[in-house]
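Residue-level structure breakdown
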Amino acid sequence: GNSVTQMEGPVTLSEEAFLTINCTYTATGYPSLFWYVQYPGEGLQLLLKATKADDKGSNKGFEATYRKETTSFHLEKGSVQVSDSAVYFCALSSNSGYSTLTFGKGTMLLVSP
Amino acid sequence: DSGVTQTPKHLITATGQRVTLRCSPRSGDLSVYWYQQSLDQGLQFLIQYYNGEERAKGNILERFSAQQFPDLHSELNLSSLELGDSALYFCASSPRLAGGTTDTQYFGPGTRLTVL
């Protein structure tokens, strides 16, 4: 079946540091890949997505590239801010017609001033 | 604001009871999904409806059921509640049933269920 593995957190960084959160997946076929973010006390918000190999999703300074050869979709940001503190979820959706999402366990990011 | 609404925001109840969670999808979205988020299991897909019909089932217990009504809002019914059912329950919606491409799912703010 489908599965997503994310690096365990928390990831603790100082403001303006470089961020990488690793995500690898197992899936049949050609899934679409997503990063969702959950701010404290809130629901999930779509951060970025990529629907085919070598696609790069980007939003708000975050980016991730769909790497089929390494089955990875690592999230990066060049300079984090305190306001980026949140839990980040990597997810995949198989293009089988039902679009259900399989999530990783989430990685908490804590950014200090 | 994703445009997906969920009520109530918080729900506290006792073991053995039954509750109903409600979700209104974004205007025009035909698919509704229910997810459960708990500390030990993470985020898990429960069930999907498309235009009133059940389309996919995930790790949904037999004590749980859902439906989607003609106006496209959906309800998740949880019965014979146990302590372990305490969790955040999210609803998401997307425009259509994917057929080769994947629609983005937009999540509501969630309902936090506490079973005492």
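My aim in this report is to walk through the structure given alongside it, one point at a time. Fair warning: this is a prediction, and the values are worked out from it, not measured in the lab.

A count of helices and strands for chain A gives zero helices and 12 strands. Ordered by position from N to C terminus, the α and β elements of chain A give β-β-β-β-β-β-β-β-β-β-β-β. Its C-alpha atoms give chain A a radius of gyration of 14 Å, near enough to 13 Å, the size a compact globule of 113 residues would have. Projected onto its principal axes, the C-alpha coordinates of chain A cover approximately 45 × 30 × 20 Å. Here chain A holds 113 residues, and the buried ones make up 47% of them. Excluding contacts between residues fewer than 6 apart, the proportion of contacts in chain A whose partners are at least 24 apart in sequence is 56%. Accessible surface computed for chain A: about 5,300 Å², of which carbon and sulfur atoms make up 50%. Of note, chain A has its 8 positive side-chain charges centred 8 Å away from the centre of its 10 negative side-chain charges.

In total, this model carries two disulfides over all chains according to the counting rule given. Paired through a disulfide, A:Cys23 and A:Cys90 show a sulfur-sulfur distance of 1.9 Å. The S-S bond linking A:Cys23 to A:Cys90 shows a torsion near -70°; that makes this disulfide left-handed. Of this pair, A:Cys23 sits in strand β4 (residues 23-26) while A:Cys90 sits in strand β10 (residues 86-93), and the two are 67 residues apart along the sequence. For A:Cys23, a relative accessible area of 1% puts it in the buried group. Covalently, B:Cys23 is tied to B:Cys91 through a disulfide, its sulfur atoms 1.8 Å apart. Residues B:Cys23 and B:Cys91 are joined by a disulfide whose S-S torsion is about -50°; by sign, that bridge is left-handed.

The final tally for this structure, using the stated rule, is six salt bridges over all chains. Overlapping salt bridges, with partners in common, bring together B:Arg63, B:Glu82 and B:Asp85 in one network.

We now examine the sheet that holds strand β1 (residues 5-7) of chain B. All names here are of chain B. Within the open sheet, the four strands sit side by side as β1-β3-β8-β7. Their pairing is antiparallel. For this open sheet the edge positions go to β1 and β7 (64-68), each flanked by a neighbour on one side alone. Strand after strand, the sheet turns through a mean of 15° between neighbouring axes, direction not considered. Pairing of β1 with strand β3 (residues 19-24) involves three bridges; the strand directions are antiparallel. In the strand pairing of β3, Thr-5 is matched with Ser-24.

It is worth spelling out the nonpolar core at this point. Core analysis: the largest hydrophobic core is formed by 26 residues, its most contacted members being A:Leu19, A:Trp35, A:Leu47, A:Leu48, A:Phe73, A:Leu75 and A:Tyr88. Put simply, the parts of the chain that give this core at least two residues each are β2 (11-14), β3 (19-21), β4, β5 (32-38), β6 (44-50), β8 (62-65), β10 and β12 (107-112) of chain A. Here this core takes four residues from β10(A), the largest share from any one element. Judged by nonpolar contacts, the second largest core, of 20 residues, contains B:Trp34, B:Leu78, B:Cys91 and B:Val115.

In this section: the sheet that holds β8(A). Residues and elements named next belong to chain A. Read across the open sheet, the four strands follow the order β3-β9-β8-β7; overall the sheet is antiparallel. Among the strands making up the open sheet, the edge pair consists of β3 and β7 (56-59). Shown here is a sheet whose adjacent strand axes are inclined to one another by a mean of 15°, direction ignored. As paired elements, β7 and β8 share four bridges and run antiparallel to each other. The partner of Lys-56 across the bridge, within β8, is Thr-65.

Quick look at the packing of aromatic side chains now. Enumeration according to the criterion identifies 12 aromatic pairs over all chains in this entry. A ring pair is formed by A:Phe103 and B:Tyr35, whose centres lie 5.7 Å apart and whose planes are at 85°; its orientation type is edge-to-face. In this pair, A:Phe103 sits in strand β11 (residues 101-103) while B:Tyr35 sits in strand β4 (residues 31-38), so the two residues belong to two different chains. By the burial criterion, A:Phe103 is buried, and B:Tyr35 matches it. Among the aromatic residues, those joined into a ring-pair cluster are A:Phe34, A:Tyr36, A:Phe89, A:Phe103, B:Tyr35, B:Phe45, B:Phe90 and B:Phe107. Just above the ring of B:Tyr106 sits the side chain of B:Arg26; from NZ or CZ to the centre is 3.9 Å.

Conventions and cut-offs
- Residues numbered from 1 in each chain as written.
- Chains lettered and ligands numbered in written order.
- Predicted model: local features only at pLDDT ≥ 70, side-chain atom pairs only at ≥ 80, totals over all residues.
- Heavy atoms only, no water.
- Helix = DSSP H or I, 4+ residues; strand = E, 2+ residues; numbered from the N terminus.
- Rg over C-alpha atoms; globule rule 2.2 N^0.38 Å.
- Buried < 20%, exposed > 50% of the residue type's maximum accessible area, 1.4 Å probe, protein only.
- Contact = heavy atoms within 4.5 Å.
- Areas by Shrake-Rupley, 256 points an atom, 1.4 Å probe, with all protein chains shown as cover.
- Lys, Arg positive; Asp, Glu negative; His and termini not counted.
- Charge placed at Lys NZ, Arg CZ, Asp CG, Glu CD.
- Disulfide = S-S within 2.5 Å.
- Salt bridge = Lys/Arg side-chain N within 4 Å of Asp/Glu carboxyl O.
- Pairing = 2+ DSSP bridges.
- Axes fitted to C-alpha atoms, helices over the stretch in contact; angles between N-to-C directions.
- Core = buried A, V, L, I, M, F, W, Y, C linked by side-chain atoms within 4.5 Å.
- Phe/Tyr/Trp six-rings, centres within 6.5 Å; stacked < 30°, edge-to-face > 60°.
- Lys NZ or Arg CZ within 6 Å of the ring centre and 35° of its normal.

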